[in-house]
Structures are given as structure tokens and as C-alpha cells.
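Residue-level listing of the chains:
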Amino acid sequence: MYDALHRQKEVDVNEIKIAARGVQVHYGDNHAIKDVDVDIEDKTVTAFIGPSGCGKSTFLRCLNRMNDTIPICRVEGSILLDGEDIYDKRVDPVQLRAKVGMVFQKPNPFPKSIYDNIAYGPRIHGMARNKAELDEIVERALRRGAIWEEVKDRLNAPGTGLSGGQQQRLCIARAIATEPEVLLMDEPCSALDPIATAQVEELIDELRENYSVVIVTHSMQQAARVSQRTAFFHLGNLVEFGDTSTIFTNPEDPRTESYITGRIG
Amino acid sequence: MPLLWLIVIVTALAAAGFFAGRARALQSAGGNIRDLHSLPSYYGWNVALKALVPAGGLLLVWLLAQPLYVNATVSATLPEAAIAEGSSRDLLMAEVRRTAAGLDSAVAQGLLSADEARDPQADPDAVSERLKEAGQIITSQITRPILDAAQMFRAMNATGALIMDFAVLAAALAGLGFGLRETQREFRARNTVEQGVRALLLAAASIAILTTLGIVLSLVFNTWEFFRLYPATDFFFGTTWAPSFSGRGGASELGILPLLWGTIYISIVALTFSVPVGLFSAIYLSEYATPRVRSVVKPLLEVLAGIPTIVYGLFALLTVGPLLVGVFGKDGLNIMQSGTAVMTAGLVMGIMLIPFVSSLSDDIINAVPQSLRDGSYGLGATQSETIRQVVLPAALPGIVGAILLAASRAIGETMIVVLGAGAAARLSLNPFEAMTTITAKIVSQLTGDADFASPEALVAFALGMTLFVLTLGLNVFALYIVRKYREQYE
Ligand SMILES: Nc1ncnc2c1ncn2[C@@H]1O[C@H](COP(=O)(O)OP(=O)(O)OP(=O)(O)O)[C@@H](O)[C@H]1O
Ligand SMILES: [Mg+2]
């Protein structure tokens, strides 16, 4: 169905970064994701939308094997990152997650200083040779996370002492400090005010130049503003996937239409 | 009437009051609950409490006050002449009480008739004979004044108990009547009952606080008493512990330093052993172990925590001591003379503390939110990086608290030291020498015939006080650390 859409917009189509085929996820007896095929393109923002509990977070967590930490979670199917199956035995999930970073639905700063929160990733990956380089990485990440101005005078204060929205931007900055190739963002703006939201959206737009970004959002406007591709999930099924403009103006599936016009909650 | 019966009757009255009060309240509202100010059972509880609490309080006060009163009255009647040389009124009263108790049980066993026991003309020598035959413990021959006093003692107690029975029953009935009378449609039974319950809870809380206060005060007074007999500087800075056991002469040297050092040294050995092992096993259990391993190992560790310390003491004496001597003794490195040593006690105490440290730390590590671990994994950190840099720092305040609690326990431990570390008070750095601790010495100063007016016995209170201040300081320090850390990171 979306093959046709792709052909229409062939000019925009970038290289495929992540290709998911026949992905099924079970939590014990709960079948949370049912046979999903998705292509995440490089240098593109892909939005996942859908009603609460439809499996957006679950599917997102499959893309960097975060579901490994949930004992009852079982993932089937294949997910290829640059043509390599990330669920292959030889793949080290730790290395994978350094390439595919993640911002969580709830802000989760470490109980460390703001500086150490940002420096955490660069330190464990040995990205800085000396203190000056690390300082530079931290400042750049904080600036891109749109929080530098607010925290530059208290880099040694605990990250947990920030407000909810500031914490979320800190977590975004922390994720981009490690320079991932793919950034997965689970409702990154749900705790932010309109100004900070605009700044994060600007950041996402900027990231698109080098990385591929996947964002889960409950805001139709946000999906329309920041993404080029949109996937609509419903009850664990991928109902429709295609260009954002097409999904929002001319959806094929009646369920998509009712959701974006506000009839499925 | 035996006490148990009295309690049963008062409780039964209260129970009857509950049902009567409830029925009366319902009746006053014509059976319509919504017309009542409170739910019917509140009216019942109001009556029950009014019957139970004053009567119970009276009973309690009476039971505490009567022995004091009887003792004082009887003691006052003892003639000065009856007090033997070198004895005291208190010692004589103890004899009187023993005789009275002897008479009581002889009567209960039917060896002596009630009239005989009461007979003021009875021959003291004959009574002594009879009591001894009956297997009662009386330390010396009963004399005329003692027998008289004992008979008076029994008589007063009997009358007192009788009056008490009536007074308590009267209080219960009066409370019941009063409660029933005020039971009416408009009466605010709920508010009254809730106030009553609050007062009861407060009373329970104050008992705990008052007892603590009492313990501390008794420690303070006796310590004060000790320092009047023995100079404080010698106690705190003396480096020799050599009490003389005859209780005569001022030959005792009671310096706390060797004991304090022994306490600290053994605790340090115990903690250096138990903290790493306990912490590592907690990390393994909470982060690496599969649920199945965890469900087996955790209860096992907790069983270890339930073993009485005297068993650990035996283990130290019979197993660990000889084992260490085998390695470090004459046949080995030749630095250890006998099995009882700081090392022996410290190691065994460490084993005792492992489950303590690991169980507390395990709970604390488990309480670190999964979202923090996810955050770390999401940045490409390995499991060990996550544990070292995120989980442990987040759990640190709790872990420090657990370690300090373990330290408190190590400082207060007695049996392992008595059996494992020997009894020699010594200032030495060699962990293979016998040493002893404050707790062990408190025990040895107070066992046997202790004369509580001598510095050799009173020193136990000064030692106890030091121990109390030490553990209190440790707990305050733990709180301080935890709070400081919290401020920084929450
Ligand atoms: N850790 C878990 N254990 C068991 N079941 C889970 C777990 N996480 C999610 N699920 C189940 O998987 C399904 C999808 O959940 P998911 O969190 O992916 O929804 P979502 O689309 O992200 O919802 P929301 O928009 O509210 O965040 C739900 O039915 C949920 O109950
Ligand atoms: Mg979600």
C-alpha cells in the first residue's frame, strides 16, 4: 500500500537505516506487537502515533534492544540496522545502544551533577581525551538540548534538582552527547512548555541533517511539524505508514482518519 | 479472687457494655441508623471503653503501688534491735518477703493450714522446720520479729487484694453505667471514641519514650555514683584494666582504654570482612541472580541472620579458633598463642553480620528505580558500568546506613567476644592476641555476687553509658551522612 506512496515521493527517499520485518512482541501472554514491518530512513524524522497502550513504546524499545532488560518480554522477527540483524547472537547490545540512543518517556536523570549526567556517556565511550574536550562536549550537548542558558551557572548542582521539563531536556542532551546514529525519543515533549517544545523540535530538525530520529508523540501537530514519515499504530498493529503529509491529509485507512481527527482516543 | 478472673470479668463487662450501648443507641433512634450522630458500633465502643479503661488503669496502678506500700509499712514495724550486725533493714525485709512467700506456697501445697500460717502464737523455730521440710528456701532461722512481720505482710496483701477486687469492679460498673446513660441519639460517640483511641495510642508511645528515658537516667545516675568513687580521668584515660574482685581496698584499676580498643579493633575486623562480602552478595542477588537463584539464596542468608549469637560463639571457640591456630600458631607462622583472639572473634562476628549487611543493601539496591538503569543502558553502558556508576551511587545513603547499623551491632555484640576473643584486657596491635570488649566486661563485672555500692560493680554503668554514647554517636553520624547525600542528589 505504501509502495505507491514511496514511488510518488522518490526524490525524498533516503537510504534505509533500520529495516524491521515481521516483528512480534509478547509480554508473557500479552501479544503487544503484531507482525510489524517498518523502514526507518537515514537523515529523516519518523513519527510513531497511536492511542495509548497500542505498543509505540514497546516497538521503539525493540529498535535498540532495551526490551532485553524485561525478563518476560519476547521479540521475534528481524530488525536490520545498516543491513545487520541487531538480534543476531554476535551483536553486542551495549555497542548497539551506543549507536542507537534513547530518550525515555519519563525523565530519568542520574543522581549525579548536571555535568556528570551529560559526561556519563562520553566518559564510558572514551570520547574525550582530556578535561577540556569533555567540557566542550558537555557544553555543546547542553546547548543543543536547549538547556545551556538555564544551567550554565550550576553545572555541579544535582540533575535531580531540576524541574520536570528541565530534566527532560537534560536527558535529551545526555542522549545526544554520545553522538548516536539513530535517536529514539519516547514522548520527549510531554513534560515541556511550548517554548521548550519549540526548542526541542528545532533540535530534532537540526539532528535530521546527520542522524535519523524516531519520535513517539501524542500530539498530531508535533508529528506534522517535525516528521517526514509517520507510522500509525493501533492495538499492536501497524495500520498505516507513509509520508507525513499523506497520512495527515489523505489517510487510506479509516482508523487512521478517525484517530487523527480525534475519534479514536 | 485470682487476678485472671478479675480481668476476665472486667472484659466481659466491657463486652456486654458494647452490645448494650449499641442496642440502646439504636433504640433511641427508633431503629433508624441515619438519625444517629455516629454509627451504632461507636456507641458500643464508647460504653466498652468507659467500662474498660478506668478499671484497667486502676488495676494497673494498684498492682504497682500495693507492694511498695505494704513493703514500706511492714518495714517500719521491724524493731531496730532485730537488725543484725553487718546487715541492713533491706536485707531483713528480703528475708521477711521470702518467709511470707514460703508460707504462701506451703499453704497452697496443703503442708500448713491457713490458720497455722496466721497464728500469732506460732513458734518461729517450728515454722522454720516445717518450711524447710516443705522445701521452701529460707536462708536463715526465722526469728520472732521476722515471723511477725511476714504474717503482717501476708495479711496486708490479702486485704489489699480484696479491696482491689471490689474497687476495680466498682470502677468498671460505674464506667459502664455512665457510658450507657450518655448513650443517646445526639451523643457524639464517634468523636469521643476517636479521642479515647488517640489517648490510648499516645499512652503507648509515651511508655516507649518513658522507658528509654528511665534507662538513660538510671545509667546516668549510676555512672555519676561511680565517678564519685572513682576518678573520671583514671577511667577515661587509664590504660590498665585490673579490677580487684575481693571488693575491698582501692587496688582496682579501671581504665576503659583497653576495653574500648578491643571493642573497636574487633568491630573493625568484623566490618572489613562483612561489608565487602555482604555488599557483593547483595549486588549479585539484586542485579545478576536469576529469580530462581534469588528465591533460594535470599531465605538462606536470612536463616543465617536468625542464628543465636551464642551459637556463633561456639563456632568461634570450637572451629574458627583452632583453625586459625593451625595456620598462625606454633606449627605455622607462630604469631598466635591460643584460639581466642581478636581475629577469631572478628571473623565470626563478620560472618554474623554478612546477612545483616547483604539483606539491607539488597532491599536498598532493589529500591533504585529501573528507569535509572534503563537510562544508563540506553546510553550504551554495560551492566557493571551501570551498577558502579548509577545504581551504587543512588543507593549509597542507604548502604552507608546499613553499614553503620552493622557497626552498632558489632559494638554491642557480647557472646561471640566472650567465647572467641578471651577475657584479657589488653592494648595491642596484634590481631592474633586475646583481647576483650566493653560488653564482655560489663557481663563479668556483674556476674556473681556483686555489691552494688562498690566501684567494681558500678563501673558497669559507666561502661554501659560509654557504649550508649558510642552507638548514639554512630547513629547520629549515619543520619547526618544520609541527609547530606540526600540534599545533594534529590
Ligand atoms: N514492562 C511491561 N510488562 C508487561 N507488559 C507491558 C510492559 N510494557 C508494556 N506492556 C504492555 O504492552 C502494551 C503496549 O504498551 P506500550 O507501553 O508500548 O504502549 P504505548 O503505545 O507506548 O502507550 P503510551 O502512549 O501510553 O505510552 C500494553 O498493553 C502494555 O500493557
Ligand atoms: Mg509509551
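Residues numbered from 1 in each chain as written. Chains lettered and ligands numbered in written order. Predicted model: local features only at pLDDT ≥ 70, side-chain atom pairs only at ≥ 80, totals over all residues. Heavy atoms only, no water.

Student: An account of a negative patch on the surface is requested, with residue identities and associated values reported.
Tutor: A surface patch of like charges, here negative, comprises Asp123(B), Asp125(B), Glu129(B) and Glu133(B). By secondary structure assignment, the location of Asp123(B) is in the loop between α4 (114–118) and α5 (124–133). (Patch = residues over 30% accessible without salt bridge, like charges linked within 9 Å, V, L, I, M, F, W, Y side chains within 5 Å. Areas by Shrake-Rupley, 256 points an atom, 1.4 Å probe, with all protein chains shown as cover. Salt bridge = Lys/Arg side-chain N within 4 Å of Asp/Glu carboxyl O. Lys, Arg positive; Asp, Glu negative; His and termini not counted. Charge placed at Lys NZ, Arg CZ, Asp CG, Glu CD. Helix = DSSP H or I, 4+ residues; strand = E, 2+ residues; numbered from the N terminus.)

Student: I'd like a rundown of the packing of helix α4 (residues 114–124) of chain A against helix α5 (residues 131–144) of chain A, residues and numbers included.
Tutor: All names here are of chain A. Between α4 and α5, whose axes approach to 9 Å, the crossing angle comes to 110 degrees. Judged by the inter-axis angle, α4 sits roughly perpendicular to α5. Regarding α4 and α5, the two cross each other, and that crossing is right-handed. On α5, the residues touching Ile114, Tyr115, Ile118, Ala119, Pro122 and Arg123 of α4 are Lys131, Leu134, Asp135, Ile137, Val138, Ala141 and Leu142. A class-by-class count of the residues in the contact of α4 with α5 yields 10 nonpolar, no polar and 3 charged. (Axes fitted to C-alpha atoms, helices over the stretch in contact; angles between N-to-C directions. Parallel < 35°, antiparallel > 145°, perpendicular 65-115°, else oblique. Left-handed = near helix turned anticlockwise from the far one by under 90°. Contact = heavy atoms within 4.5 Å. Nonpolar A, V, L, I, M, F, W, Y, C, P; charged D, E, K, R; others polar.)

Student: Help me get a handle on the sheet that holds strand β1 (residues 16–27) of chain A, residues and values and all.
Tutor: Taking strand neighbours across the sheet as the criterion, the 4 strands line up as β2-β1-β4-β5 (chain A) in an open arrangement whose pairing is antiparallel. For this open sheet the edge positions go to β2 (30–41) and β5 (84–85) of chain A, each flanked by a neighbour on one side alone. (Pairing = 2+ DSSP bridges.)

Student: Tell me about a nonpolar patch on the surface, and please be specific about residues and values.
Tutor: All names here are of chain B. A cluster of nonpolar side chains, namely Leu4, Trp5, Val8 and Ile9, defines an oily patch on the protein surface of about 400 Å² accessible area. Inspection of the secondary structure puts Trp5 in helix α1 (residues 3–28). Judged by relative accessible area, Trp5 falls into the exposed class, the value being 53%. (Buried < 20%, exposed > 50% of the residue type's maximum accessible area, 1.4 Å probe, protein only.)

Student: Requested: an account of the coordination of the magnesium ion (ligand 2), with residues and values cited.
Tutor: Only Ser57(A) (OG) and Gln105(A) (OE1) from the protein coordinate the magnesium ion (ligand 2), and they sit 1.9 to 2.5 Å from it. Here Ser57(A) is found in helix α2 (residues 56–62), whereas its partner Gln105(A) is found in the loop between β6 (100–103) and α4, with 48 residues between them in sequence. (Donors = N, O, S within 2.8 Å, 3.2 Å for Na, K, Ca; no water.)

Student: Report on the UniProt feature "transmembrane region" (unreviewed entry) in chain B, specifying residues and quantitative values.
Tutor: Residue and element names in this part refer to chain B. As recorded in UniProt, the feature "transmembrane region" (unreviewed entry) lies at residues 41–65, 161–180, 200–221, 259–285, 305–328, 340–358 and 457–482. Across residues 200–221, the secondary structure splits into 100% helix and 0% strand, with the terminal C-alpha atoms separated by 31 Å. The span residues 305–328 is 92% helix and 0% strand, and its two end C-alpha atoms sit 29 Å from each other. (UniProt positions renumbered as here; feature names shortened; annotations may be inferred.)

Student: Describe the site of ligand 1, listing the residues and the values that go with them.
Tutor: All names here are of chain A. In the neighbourhood of ligand 1, 15 residues make up the surrounding shell, with Ser52, Gly53, Ser57, Thr58 and His218 lying closest. The contact in question runs from an oxygen atom of ligand 1 to an N or O atom on the backbone of Gly55, over 3.0 Å. A distance of 2.8 Å is found between an oxygen atom of ligand 1 and a side-chain nitrogen or oxygen belonging to His218. Within the complex, the protein chains bury 66% of what would otherwise be the 630 Å² of accessible surface of ligand 1. Looking at the shell around ligand 1, the elements with two or more residues in it are β2 and α2. Per-element accounting of the shell around ligand 1 gives the leading share, 3 residues, to α2. (Near = heavy atom within 4 Å. Polar contact = N/O pair within 3.5 Å; in protein donor to acceptor, adjacent residues only side chain to side chain.)

Student: Can you lay out the interface of chain B and chain A for me, pointing to particular residues and giving the numbers?
Tutor: Each partner contributes to the interface: chain B provides 21 residues, whereas chain A provides 25 residues. Approximately 1,800 Å² of surface area, both sides summed, lies buried where chain B meets chain A, with 62% of it carried by carbon and sulfur atoms. Where chain B meets chain A, there are 1 salt bridge. Taken together, chain B and chain A are joined by 4 residue pairs in polar contact (both at pLDDT 80 or more). Mapped onto the side of chain B that touches chain A, the elements with two or more residues apiece are α13 (370–378), α14 (383–412) and α17 (455–489) of chain B. For the side of chain B that touches chain A, the element with the most residues is α13(B), which contributes 8 residues. Partitioned by chemical class, the residues of the side of chain B that touches chain A number 8 nonpolar, 10 polar and 3 charged. (Buried area = accessible area lost by both parts, 1.4 Å probe.)

Student: How would you summarise the sheet that holds strand β10 (residues 237–243) of chain A if you had to cite specific residues and measurements?
Tutor: Residues and elements named next belong to chain A. The strand order across the open sheet formed by 6 strands is β6-β7-β8-β3-β9-β10, and the pairing between neighbours is mixed. Both edges of this open sheet fall to β6 and β10, since each of them pairs with a single strand only. Strand-to-strand, the axes of this sheet are offset by a mean angle of 15 degrees, without reference to chain direction. Pairing analysis gives 6 bridges linking strand β9 (residues 229–234) to β10, with the strands arranged antiparallel.

Student: Describe the domain arrangement of chain B, and please don't skip the residues or the numbers.
Tutor: For chain B, the domain assignment lists domain 1 (3–218) and domain 2 (253–489). Using C-alpha coordinates to define each centre, domain 1 of chain B is positioned 45 Å away from domain 2 of chain B. (Domains from an automatic or database assignment.)

Student: Describe the nonpolar core, naming the residues involved and giving the relevant values.
Tutor: Membership of the largest hydrophobic core comes to 33 residues, with the highest contact counts inside it found for Phe48(A), Phe59(A), Leu60(A), Ile79(A), Leu184(A) and Phe233(A). Aside from chain neighbours lying at most four places away, what touches Leu184(A) is Leu60(A), Leu63(A), Asn64(A), Val100(A), Gly101(A), Met102(A), Val103(A) and Val214(A). In terms of nonpolar packing, the next biggest core, distinct from the first, is built from 28 residues, Val269(B), Leu271(B), Leu353(B) and Val357(B) among them. (Core = buried A, V, L, I, M, F, W, Y, C linked by side-chain atoms within 4.5 Å.)

Student: Now, about the packing of aromatic side chains: what can you tell me, with residues and values included?
Tutor: In total, this model carries 16 aromatic pairs over all chains according to the counting rule given. Between Phe226(B) and Phe227(B), the aromatic rings sit 5.4 Å apart at their centres with planes inclined by 50 degrees, giving tilted as the arrangement. Phe226(B) gets classed as buried once you look at its relative accessible area, which sits at 0%. Judged by relative accessible area, which is 24%, Phe227(B) ranks as partly exposed. Three or more aromatic residues link up through ring pairs in this structure, and these residues are Phe226(B), Phe227(B), Tyr230(B), Phe235(B) and Phe236(B). Residue placement shows Arg174(A) over the ring face of Phe110(A); its charged tip is 4.2 Å from the ring centre. (Phe/Tyr/Trp six-rings, centres within 6.5 Å; stacked < 30°, edge-to-face > 60°. Lys NZ or Arg CZ within 6 Å of the ring centre and 35° of its normal.)

Student: An account of unusual backbone geometry is needed here, citing residue identities and associated values.
Tutor: Residues and elements named next belong to chain A. Positive phi, close to 50 degrees, is recorded for Glu179, a residue that is not glycine. Here Glu179 lies in the loop between α7 (164–177) and β7 (182–186). With relative accessibility at 33%, the residue Glu179 sits in the partly exposed group. Of note, the phi angle at Leu235 is positive, near 50 degrees, even though the residue is not glycine. Positionally, Leu235 belongs in the loop between β9 and β10. In this structure Leu235 comes out as exposed when scored by relative accessible area, which is 58%.

Student: Requested: an account of the pattern of salt bridges, with residues and values cited.
Tutor: All names here are of chain A. This model, assessed by the stated rule, comprises 33 salt bridges over all chains. The closest approach of N and O atoms between Glu206 and Arg144, which form a salt bridge, is 3.5 Å. Taken together, the positions of Glu206 in helix α8 (residues 194–207) and Arg144 in helix α5 put the pair 62 residues apart, joining distant regions of the chain. A relative accessible area of 37% means that Glu206 is categorised as partly exposed. Residue Arg144 is classed as buried on the basis of its relative accessible area of 14%.

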